[in-house]
Amino acid sequence: MNCQDIVFSQKQSQKRIDMALRILPSQVLKKFLFFALYLLGARLNAIASLVEMPEESGKTTISRVMKDGIPAFHDRRQSAKTNGLHIPPPPPSQASVIIEEDYCAITFGDMKHQLKIPRNHQVHLRTVLLSLLQANLLSVHTVSSTLGITAAHCRELSAKLANDDITEVLVDKRRGQKQDFLVDLSVKAELIQHFAARAVTGHSTSSQALTELINDTKKTTISSRTIRWHMNKLGLMKIKKTLPQLVETFKKTPKPAC
């Protein structure tokens, strides 16, 4: 069997090994891997280094498997009432999380049971992950790293979610101010007036220049950053170049008779 042309995925390998470790003890899995790689023709010392298992232990495993078959994979240091292969009862089904480009994929048991949640659906994603944390199906580290929050904040949200509704814990109910207290309608009118006049006449329309004019005219102390924000909000910067051209066009257009 030639495996030279097979492409191995480190990501897929780690995911599959993690799933296998939920059912098989670590030493048993290492024996399986050692024997499989031995059958594929790899050198014993290379296999031992790869699976982190002493070479002599690997040789012993191969010898026993060739002699006893499947039962040889069992760890004989563990007591057993029968001579057959003793498989410990599987642990409770756990979940795992994989971050994809646009989705967060939550896998239950195997790849056949997977839940995909868009990463921009923050409330949905937080609700599911925190609920799985409460059920001990995900660790604090997994949930906090997936959500991009600290472990302490993650525990706090989980505790709150256990006592309160989703809307009280995870939905951001903050509202921005509904009125511009510093920049009222008269200031906005002044801003538009000065901007238009300076744009048409070729003067500077920078936020700093307009701030000085407005503060001097209206006797206010508005910052240039605030003026710049309102200039963008009103779309003034988009007409900076087209407004003078429009004015020139109107100058050349004959006035209507009535």
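Residues numbered from 1 in each chain as written. Predicted model: local features only at pLDDT ≥ 70, side-chain atom pairs only at ≥ 80, totals over all residues. Heavy atoms only, no water.

*Asks:* Can you lay out the pairing of strand β2 (residues 103–108) for me, pointing to particular residues and giving the numbers?
*Replies:* Across a regular strand the side chains alternate sides, sitting on one face of the sheet and then on the other. By the bridge criterion, five bridges tie strand β1 (residues 95–99) to β2 in an arrangement that is antiparallel. Residue pairing across strands places isoleucine 98 opposite alanine 105, the latter belonging to β2. Once β1 ends, the chain turns through three residues before running back antiparallel as β2. (Pairing = 2+ DSSP bridges. Helix = DSSP H or I, 4+ residues; strand = E, 2+ residues; numbered from the N terminus.)

*Asks:* Give me a nonpolar patch on the surface: which residues, what numbers.
*Replies:* A cluster of nonpolar side chains, Tyr38, Leu39 and Met66, forms an exposed patch at the surface whose accessible area comes to about 310 Å². A relative accessible area of 33% means that tyrosine 38 is categorised as partly exposed. (Patch = residues over 30% accessible without salt bridge, like charges linked within 9 Å, V, L, I, M, F, W, Y side chains within 5 Å. Areas by Shrake-Rupley, 256 points an atom, 1.4 Å probe, with all protein chains shown as cover. Salt bridge = Lys/Arg side-chain N within 4 Å of Asp/Glu carboxyl O. Buried < 20%, exposed > 50% of the residue type's maximum accessible area, 1.4 Å probe, protein only.)

*Asks:* Report on helix α9 (residues 185–201), specifying residues and quantitative values.
*Replies:* Relative to the 24 Å expected for 17 residues at 1.5 Å per residue, α9 spans 24 Å between its end C-alpha atoms, a close match to the ideal helical length. Buried residues of α9: Val187, Lys188, Glu190, Leu191, His194, Phe195, Arg198 and Ala199, and no others. All buried residues of α9 fall inside an arc of 160° around its axis, so they share one side. With respect to the buried face of α9, the exposed residues turned more than 90 degrees away are Leu185, Gln193 and Thr201. Lining the buried residues of α9 we find α10 (207–218), α11 (224–233) and α12 (242–252). Directly beyond the C-terminal end of α9, a positive phi value near 85° is found at glycine 202. (Expected span 1.5 Å × (residues − 1). Arc of directions from axis to C-beta. Contact = heavy atoms within 4.5 Å.)

*Asks:* Run through the packing of helix α2 (residues 26–39) against helix α4 (residues 55–68), naming residues and quoting values.
*Replies:* In a pair of packed helices, the angle between the axes and the distance between the axes together describe the arrangement. Running from N to C, α2 and α4 point in directions that differ by 80°, and their axes come no closer than 10 Å. One element, α2, and the other, α4, form an angle in the roughly perpendicular class. Each of Lys31, Phe34, Phe35 and Tyr38 in α2 lies in contact with α4, whose residues at this interface are Glu55, Gly58, Lys59, Thr61, Ile62, Val65 and Met66. Tallied by class, the residues present in the contact of α2 with α4 amount to six nonpolar, two polar and three charged. (Axes fitted to C-alpha atoms, helices over the stretch in contact; angles between N-to-C directions. Parallel < 35°, antiparallel > 145°, perpendicular 65-115°, else oblique. Nonpolar A, V, L, I, M, F, W, Y, C, P; charged D, E, K, R; others polar.)

*Asks:* I'd like a rundown of the pattern of salt bridges, residues and numbers included.
*Replies:* Per the stated rule, a full pass over the model turns up four salt bridges. For glutamate 55, the salt bridge goes to lysine 59, with nearest N and O atoms at 3.8 Å. In this pair, glutamate 55 and lysine 59 are both assigned in helix α4, four residues apart and thus about one turn of the helix distant. Accessibility expressed as a relative area gives 30% for glutamate 55, which makes it partly exposed. Residue classification places lysine 59 among the partly exposed residues on the basis of a relative accessible area of 34%. A salt bridge links glutamate 248 to lysine 251, with the nearest nitrogen and oxygen atoms 3.6 Å apart. Taken as a pair, glutamate 248 and lysine 251 lie in helix α12 at a separation of three residues, close to a single helical turn.

*Asks:* Describe the environment of proline 244, listing the residues and the values that go with them.
*Replies:* In this fold, proline 244 is placed in helix α12. Under the relative-accessibility criterion, proline 244 is labelled partly exposed at 21%. Separated by 47 residues in the primary sequence, proline 244 and alanine 197 have C-alpha atoms spaced 9.4 Å apart. Beyond its immediate sequence surroundings of up to four residues, proline 244 is in contact with Ala199, Val200 and Ile239.

*Asks:* Report on the nonpolar core, specifying residues and quantitative values.
*Replies:* The biggest cluster of nonpolar side chains holds 18 residues, and the ones touching the most others in it are Ile106, Leu129, Leu130, Val143 and Cys154. Breaking this core down by element, the ones donating at least two residues are β2, α5 (122–134), α6 (140–147) and α7 (151–163). With six residues, the single largest contributor to this core is α5. Apart from residues lying up to four places away in sequence, cysteine 154 is in contact with Leu130, Leu133, Val140, Val143, Ser144 and Ile149. Of all hydrophobic cores here, the second largest spans twelve residues; its members include Ile214, Ile222, Ile227 and Met231. (Core = buried A, V, L, I, M, F, W, Y, C linked by side-chain atoms within 4.5 Å.)

*Asks:* Can you break down the environment of isoleucine 192 residue by residue, with the values?
*Replies:* Locating isoleucine 192 in the fold gives a position in helix α9. Taking relative accessible area as the criterion, isoleucine 192 reaches 39% and is therefore assigned partly exposed. When near neighbours in sequence (up to four residues on either side) are disregarded, isoleucine 192 contacts Leu234 and Leu236.

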